[in-house]
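# Fold and contact review
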Amino acid sequence: MQLIEGKVISDKIRNQLKEKIQKISKPIGLAVILVGDDPASKVYVRNKANACQQVGIQSYMYNFPADASEEEIATKIKELNENKDVYGILVQLPLPKHLNERKILDYISPKKDVDGFSPYQIGRLLLGEECLVSCTPQGILMLLDAYNIDITGKRAVVVGRSNIVGKPISLLLLQRNATVTTCHSRTENLSEITKQADILVVAIGKERFITGEMVKPGAVVIDVGINRGQDGKLYGDVDFETVAPKCSFITPVPGGVGPMTVTALISNTLKAAIDGN
Ligand code: NDP
């Protein structure tokens, strides 16, 4: 079994991105909007801002109170849409309950949608056109490529069908010529399907849900889940202890997919800046 070291790959790719950014003779800005003071969101936003700074992207932070109105946030997004130095805009999710996430995200100009959540970018992904691919799925592909893991012709099973992970990674794997099955909470005989996977991607948000007997020997296992266990430690959706001995490659949690998500965000911001010329 080989560990897929997301941190190592992420550092390497960020250095390459930094070199490319240095060659661009204009400031590249990323605007990050945070509404409320959810502690986890604050950490994510800080990580994104720090990572941007490290590679030479200017990050602009906008912190709204938890009771901010749709109109207040929309006004800021519209202003950022017009700002020539800002090539990427992201709204940290989840938003407070009184706000409609889809409506807020729809204010972002699709060209600046570096999270790849807009119908425009998702539609282009579905069509197989150049686009800003949502960050976590893009990060997963970067990992597979970094380890020269062959995707063509392989049986890929994705567990989870969210708009931000499950659906886009299913599309990306299909584009890369895998034969893809997407599973969800209504899937019957889940383990019969997961056992057929050469590449198994799990994004369900259930601690250590996928166990050794659900995995084919030699499979490549990508664990997207981040769950805080009762002991305070972070766990994936995959039971590392029973699954790792069976597979050829596996991502740890933490240190697997997580660091790649921010790296893909940097990559998307650079792409938006180049395309925005
Ligand atoms: P969502 O809650 O949006 O989606 C969960 C998906 O899992 C749904 O499609 C759901 O099915 C499916 N599911 C739930 N229970 C089961 C089950 N028992 N069997 C099969 N499928 C099931 O989650 P996200 O995709 O946003 O996130 C998933 C996990 O990944 C979370 O732990 C999250 O924290 C983590 N994450 C990590 C990121 C990173 O950077 N590493 C980035 C984004 C997420 P249904 O549609 O039928 O309800």
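These numbers were taken from a predicted model, which means no experiment stands behind them. (Residues numbered from 1 in each chain as written. Predicted model: local features only at pLDDT ≥ 70, side-chain atom pairs only at ≥ 80, totals over all residues. Heavy atoms only, no water.)

### Re the overall build of the protein chain
How we decide: In this text, helices come from DSSP runs of H or I with a minimum length of four residues, and strands from runs of E with a minimum of two, each type numbered from the N-terminal end. In this description the radius of gyration comes from C-alpha coordinates, and the expected globular size is given by 2.2 Å times residues to the power 0.38. Each residue's exposure class comes from its accessible area (1.4 Å probe, protein chains only) as a fraction of the maximum for that residue type: buried when under 20%, exposed when over 50%, partly exposed otherwise. Contacts are residue-level and defined by heavy atoms, with any inter-residue pair within 4.5 Å sufficient. When charges are counted, neither His nor the chain ends are considered; positive counts come from Lys and Arg and negative counts from Asp and Glu. The location of each charge is read from NZ of Lys, CZ of Arg, CG of Asp or CD of Glu.
Of regular secondary structure, the protein chain possesses 10 helices and 11 strands. Here the protein chain has a C-alpha radius of gyration of 19 Å; the compact-globule value for 277 residues is 19 Å, and the two agree. In terms of its C-alpha atoms, the protein chain occupies a principal-axis envelope of roughly 50 × 40 × 35 Å. Sorting the 277 residues of the protein chain into buried and exposed places 50% on the buried side. Taking as baseline every contact in the protein chain between residues at least 6 positions apart, the subset at least 24 positions apart corresponds to 70%. Each charge class in the protein chain can be summarised by its mean position, and for the 33 positive and 31 negative side chains these summaries are 3 Å apart.

### Some words on helix H10 (residues 258-275)
Test applied: Multiplying one less than the number of residues by 1.5 Å gives the expected span of a helix.
Counted at 1.5 Å a residue, the expected span for H10 with its 18 residues is 26 Å, and the 26 Å between its end C-alpha atoms agrees. Burial analysis of H10 places 13 of its 18 residues in the buried class, which makes it a mostly covered element.

### Let's talk about the pattern of salt bridges
What counts, and what does not: Salt bridge, as applied in this entry: a Lys or Arg side-chain nitrogen positioned within 4 Å of an Asp or Glu carboxyl oxygen.
The final tally for this structure, using the stated rule, is 10 salt bridges. The residue lysine 7 makes a salt bridge to aspartate 11 at a minimum N-O spacing of 3.0 Å. Here aspartate 11 and lysine 7 lie together in helix H1 (residues 6-22), a separation of four residues that amounts to about one turn. What makes aspartate 11 partly exposed here is its relative accessible area of 34%. A salt bridge links lysine 76 to glutamate 79; the shortest N-O distance between them is 3.1 Å. You can see lysine 76 and its partner glutamate 79 sitting in helix H3 (residues 70-82), three residues apart, about one turn around the helix. Beyond isolated ion pairs, a larger network of salt bridges with shared partners links Glu130, Lys271 and Asp275.

### Here's the deal with the site of the ligand
So the rule is basically this: We call a residue near a molecule or strand whenever a single non-hydrogen atom of that residue lies within 4 Å of it. Any N or O atom pair separated by 3.5 Å or less is treated as a polar contact, with the protein-specific requirement of one donor-capable and one acceptor-capable atom, and with residues adjacent in sequence counted only for side-chain atom pairs. Side-chain classes follow a simple rule in which Ala, Val, Leu, Ile, Met, Phe, Trp, Tyr, Cys and Pro form the nonpolar group, Asp, Glu, Lys and Arg form the charged group, and the remainder, Gly included, forms the polar group.
Around the ligand there are 21 residues in total, and Arg161, Ser162, Ser185, Lys206 and Thr261 lie nearest to it. For the ligand, an oxygen atom lies 2.5 Å from a polar atom in the side chain of serine 162. Its residues placed into classes, the shell around the ligand shows nine nonpolar, 10 polar and two charged.

### Focus: the packing of H1 against H10
Counted only if it meets this: Convention adopted: a line fitted to C-alpha atoms gives each axis, helices being fitted over their contacting stretch, and angles between N-to-C directions are expressed from 0 to 180 degrees. Any angle between 65 and 115 degrees counts as roughly perpendicular, while under 35 counts as roughly parallel, over 145 as roughly antiparallel, and the rest as oblique. Crossing handedness follows the turn of the near helix against the far one: under a right angle anticlockwise gives a left-handed crossing, and clockwise gives a right-handed one.
Packing of H1 against H10 leaves a shortest axis separation of 9 Å and a crossing angle of 15°. The orientation of H1 with respect to H10, classified from their angle, is roughly parallel. Of the two elements, H1 crosses H10, and the hand of that crossing is left-handed. Between H1, through Gly6, Lys7, Ile9, Ser10, Ile13, Arg14, Leu17, Lys20 and Ile21, and H10, the contact on the second element is made entirely by Pro259, Met260, Val262, Thr263, Ile266, Ser267 and Leu270. In terms of residue class, the contact of H1 with H10 is made up of nine nonpolar, four polar and three charged.

### Some details on the nonpolar core
The condition that has to hold: In plain words, nonpolar cores are sets of buried Ala, Val, Leu, Ile, Met, Phe, Trp, Tyr and Cys residues tied together by side-chain atoms within 4.5 Å. What counts as a domain boundary in this text is fixed by an automatic or database domain assignment.
Membership of the largest hydrophobic core comes to 52 residues, with the highest contact counts inside it found for Leu144, Leu173, Val201 and Ile222. Two domains share this core, each providing at least three of its residues, namely domain 1 (26-109) and domain 2 (135-258). Ignoring anything within four residues of it in the chain, the contact list for isoleucine 222 reads Ile4, Ile140, Leu144, Leu200, Val201, Val202, Thr251 and Val257.

### Regarding the packing of aromatic side chains
Centre-to-centre distance and the angle between the planes together describe a pair of aromatic rings. Worth spelling out the cut-off: What counts as a ring pair is set by centres within 6.5 Å for rings of Phe, Tyr and Trp (its six-membered ring), and what kind of pair is set by the plane angle: stacked under 30 degrees, edge-to-face over 60, tilted for all other angles. The criterion is that NZ of a Lys, or CZ of an Arg, lies within 6 Å of the ring centre and within 35 degrees of the ring normal, and then a charge sits over that ring.
If you walk through the whole model with that rule in mind, you get one aromatic pair. Between tyrosine 147 and phenylalanine 249, the aromatic rings sit 5.9 Å apart at their centres with planes inclined by 70°, giving edge-to-face as the arrangement. Taken together, the residues span a long stretch of sequence, with tyrosine 147 in the loop between helix H6 (135-146) and strand S5 (155-159) and phenylalanine 249 in strand S11 (residues 249-250) at a distance of 102 residues. Residue placement shows arginine 208 over the ring face of tyrosine 235; its charged tip is 3.8 Å from the ring centre.

### Describing the domain arrangement of the protein chain
Under the domain assignment, the protein chain is made up of domain 1 (26-109) and domain 2 (135-258). Here domain 1 and domain 2 have C-alpha centroids that lie 29 Å from each other.

### What to know about the side chain of lysine 48
As for its placement among the helices and strands, lysine 48 is situated in helix H2 (residues 39-55). Buried charge lysine 48 goes without a salt bridge, the closest partner of opposite sign being aspartate 115 at 5.2 Å. In contact with lysine 48, other than residues within four places in its own chain, are Leu90, Gln92, Val262 and Leu265.

### Quick notes on the environment of lysine 216
Tracing the backbone shows lysine 216 in the loop between strand S7 (199-202) and strand S8 (220-223). Expressed as a C-alpha distance, the spacing of lysine 216 and leucine 127, which sit 89 residues apart in the sequence, is 31 Å. Apart from residues no more than four positions distant in its own chain, lysine 216 is found in contact with Thr194, Lys195, Gln196, Ala197, Asp198 and Lys246. A polar contact is formed between the side chain of lysine 216 and the side chain of aspartate 198, at a distance of 2.7 Å.

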